[in-house]
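Coordinate analysis (summary)
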Amino acid sequence: MKILVIGSGGREHALVWKLAQSPHATQVWCAPGNAGIAQERLAQKGNAVECVSIGAEDLPKLLAFAQEKKVDFTVVGPDNPLALGIVDLFQQNGLKIWGVNQKAAQFESSKVFSQKFMEKYGIPTAAAETFSDVVAAKKFAASLGKCVVKADGLALGKGVLICHNQTEAEKAVDEIMVSKAFGAAGANVVIQEFLEGIEVSLHALCDGTTAKIFPTSQDHKRALENDEGLNTGGMGAYSPTPFLNDAQLAGVAAKVLEPFMRGCVAEGIDYRGLLYPGVMLTKSGPKILEFNARFGDPETQVYLTRLENDLVELLDASASGTLAKQELKWKPEASVCVILASGGYPENYPKGKIITGLDVANKLPGVKIFHAGTALKDGQIVTSGGRVLGVTALGKDLKTAQAAAYAAVASIQFEGARFRRDIASKAL
Ligand code: AMP
Ligand code: GLY
């Protein structure tokens, strides 16, 4: 099977690495990929994965490439091409593709849509209302006190503002709806009560009717230790988390996935792809903060190092509607991923810093380095983005996996590199 993966982050490196292990894979391309993806080889045939310089949002070029190379199966990593309708486009052209279609992508591309859906189908979420009117939005925010103001549309993960009081909430509403800090994404807002609790990530693979839940994981969204500093794309993740045991996870799955799939069928949404609910474990039970319609980054790096199944078979079953026949199998080991980021991230940061020590780190037991913002320049691997590497390690338990990941981090160097020293510590 000839496979094309779309995207260039750590998530896509993990997807490529795992897909390339499948005996079904005969050739793998990644558009646009990164320096680490370009070093992968197919486990069975030994041929190299090829990176193609087509951007993840350039739908016409991606389609032309898939047609020219007779790609059998395309796998989409990021949210943007999904929201742009890449799945619909490929399907209209008779090409097999994995990921949610444009209608299903609305769960991530519109927070108003998601909030209304959750309320309609009884999915536990924060008390919230949606607004297109500034005055009404401010009035509701004032009634909540501490609250969260969210721009409706995609805003590069920055459209969620946590407000401690009425003044901050009014400022947030103005920023999103009046100053249009996130452009058209801010025409409408969702305002939620602020929920206290422990935040975990859930993932479920769906095929239109069946949803298969993954084990638990936890991301670390803030830039600094102890969850301080600015929000980022994610500074590290681990799986499993002790904050939900198997019985509790099954309980959450029943409360969320069952009404979710039922609601999708009722609304005529054919949800085939990954559903990633962000969940707050509150004193009054688990509540959904948001839905993402794709794999998490860096959650994918820890999930795929634990996954036993052939990923080609699983994604094929998700796209084909035959997931009920698949049983997900996970290694009992724990996995920890520590993100090495450029100095300054998530604000401005330099690029082009030479990275050393990768070979040594990659050879440590249980360690796999997933690349994100890296590029090849004059034969050397250099930084080219905010999140640079996802240093991932499997271990017999979380403590062992954490120690292995940090040992690998210690052997990698680039100027200005920064990382959190407490990934998975909350669980220990
Ligand atoms: P979202 O993109 O909607 O998941 O929001 C980004 C981050 O903001 C989440 O990962 C949470 O850490 C935080 N957040 C979102 N909604 C709430 C809420 N209602 N209460 C507390 N924190 C929230
Ligand atoms: N781990 C955060 C995200 O993928 O959105």
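A brief look at the structure comes next. Predicted model, so just to flag it, every value in this text is computed and none were measured.

1. Some points on the site of ligand 2
Near ligand 2 you find Asp219, Gly233, Tyr276, Arg294, Gly296, Asp297, Pro298 and Glu299, and these make up its full shell. At 3.3 Å, a side-chain N or O of Tyr276 approaches a nitrogen atom of ligand 2. One of the backbone nitrogen or oxygen atoms of Asp297 is found 2.9 Å away from an oxygen atom of ligand 2. In isolation ligand 2 has 200 Å² of accessible area, and contact with the protein removes 87% of it. By residue class, the composition of the shell around ligand 2 is two nonpolar, two polar and four charged.

2. Some remarks on the site of ligand 1
As a structural note, the neighbourhood of ligand 1 is formed by 14 residues, with Lys150, Glu193, Leu195, Glu199 and Glu290 the closest of them. One of the backbone N or O atoms of Leu195 is found 2.8 Å from a nitrogen atom in ligand 1. Between ligand 1 and the protein, one listed contact pairs an oxygen atom with a side-chain N or O atom of Glu290 at 2.7 Å. Against a free-state accessible area of 470 Å², the protein chains account for coverage of 90% of ligand 1. Those elements that provide at least two residues to the shell around ligand 1 are strand S7 (147-151), strand S8 (160-163), strand S9 (189-193) and strand S18 (285-292). Broken down by class, the residue content of the shell around ligand 1 amounts to seven nonpolar, one polar and six charged.

3. Quick look at the side chain of Arg418
Its place among the elements puts Arg418 in the segment after helix H13 (398-410). Notably, Arg418 is buried but unbridged: the nearest opposite-charge side chain belongs to Glu225, and the N-O separation is 6.1 Å. One polar contact links the side chain of Arg418 to the main-chain carbonyl oxygen of Ala223, over a distance of 2.7 Å. When neighbours within four sequence positions are excluded, Arg418 is seen to be in contact with Ala223, Leu224, Met235, Ile339, Leu340, Ala341, Ser342, Gly343, Gly344 and Tyr345.

4. Some remarks on the pairing of S7
Of all five residues making up S7, five are buried, and the element is well covered by its neighbours. Residues of S7 alternate between two faces, with Cys147, Val149 and Ala151 on one and Val148 and Lys150 on the opposite face, all of them buried. Pairing geometry for S7 and S8, over four bridges, is antiparallel. Paired with Val149 across the strands is Leu161, a residue of S8. As defined by bridge partners, S7 adjoins S9 across five bridges and the pair is classed as antiparallel. Opposite Val148, over in S9, you have Gln192 as the bridge partner.

5. Considering unusual backbone geometry
Cis rather than trans, the peptide bond between Ala31 and Pro32 has omega equal to -5°. Locating Pro32 in the fold gives a position in strand S2 (residues 27-32). Here Asp297 and Pro298 are connected by a cis peptide whose omega angle stands at 20°. Tracing the chain through its elements places Pro298 in the loop between S18 and helix H10 (299-306). Phi at Asp378 is positive, roughly 50°, even though this residue is not glycine. Secondary-structure assignment places Asp378 in the loop between strand S21 (374-377) and strand S22 (380-383). A residue is classified by how much of its surface remains accessible, and Asp378, at 74% relative accessible area, is exposed.

6. A closer look at empty space enclosed by the protein
Summed over the entire model, instances satisfying the criterion amount to one cavity of 30 Å³ or more. Every residue along the wall of the largest cavity is listed here: Phe107, Glu108, Lys111, Ser114, Gln115, Met118, Lys150, Gln192, Leu289, Glu290 and Phe291. Within the residue set of the lining of the largest cavity, elements represented by two or more residues are helix H5 (102-109), helix H6 (111-120) and S18. Take the lining of the largest cavity: its biggest share by element is four residues, from H6. Looking at the lining of the largest cavity, its residues break down into four nonpolar, three polar and four charged.

7. Thoughts on the sheet that holds strand S23 (residues 387-395)
Ordered in space as S13-S16-S19-S23-S20, the five strands form an open sheet in which the pairing is antiparallel. Looking along the sheet, the strands with just one partner apiece sit at the ends: strand S13 (218-219) and strand S20 (367-371). Across the sheet, H10 is in contact with S13, strand S16 (236-239), strand S19 (334-341), S20 and S23; its angle to S19 comes to roughly 145°. Helix-sheet contacts for H13 involve S16, S19, S20 and S23, and the interaxial angle to S19 is about 30°.

8. Things to note about the nonpolar core
A general tendency of soluble globular proteins is for nonpolar side chains to be buried together. Among the nonpolar cores identified, the biggest contains 49 residues, and Ile86, Phe260, Tyr271 and Phe291 are the most heavily contacted of them. No other element matches helix H9 (residues 246-267), which puts eight residues into this core. What Ile86 contacts, discounting residues up to four positions off in sequence, is Ile6, Leu59, Leu62, Val76, Pro81 and Ile97. If you look at the next biggest cluster of nonpolar residues, it comprises 35 residues, including Val16, Val49, Phe295 and Trp330.

Scoring rules and cut-offs
Residues numbered from 1 in each chain as written. Chains lettered and ligands numbered in written order. Predicted model: local features only at pLDDT ≥ 70, side-chain atom pairs only at ≥ 80, totals over all residues. Heavy atoms only, no water. Near = heavy atom within 4 Å. Polar contact = N/O pair within 3.5 Å; in protein donor to acceptor, adjacent residues only side chain to side chain. Areas by Shrake-Rupley, 256 points an atom, 1.4 Å probe, with all protein chains shown as cover. Nonpolar A, V, L, I, M, F, W, Y, C, P; charged D, E, K, R; others polar. Helix = DSSP H or I, 4+ residues; strand = E, 2+ residues; numbered from the N terminus. Buried < 20%, exposed > 50% of the residue type's maximum accessible area, 1.4 Å probe, protein only. Lys, Arg positive; Asp, Glu negative; His and termini not counted. Salt bridge = Lys/Arg side-chain N within 4 Å of Asp/Glu carboxyl O. Contact = heavy atoms within 4.5 Å. Pairing = 2+ DSSP bridges. 1 Å grid on protein atoms, 1.4 Å probe; cavity = no way out; pocket = protein on both sides within 12 Å on 5 of 7 lines; lining within 4 Å. Points joined across faces, edges and corners; volume = space filled by probe spheres on them. Axes fitted to C-alpha atoms, helices over the stretch in contact; angles between N-to-C directions. Core = buried A, V, L, I, M, F, W, Y, C linked by side-chain atoms within 4.5 Å.

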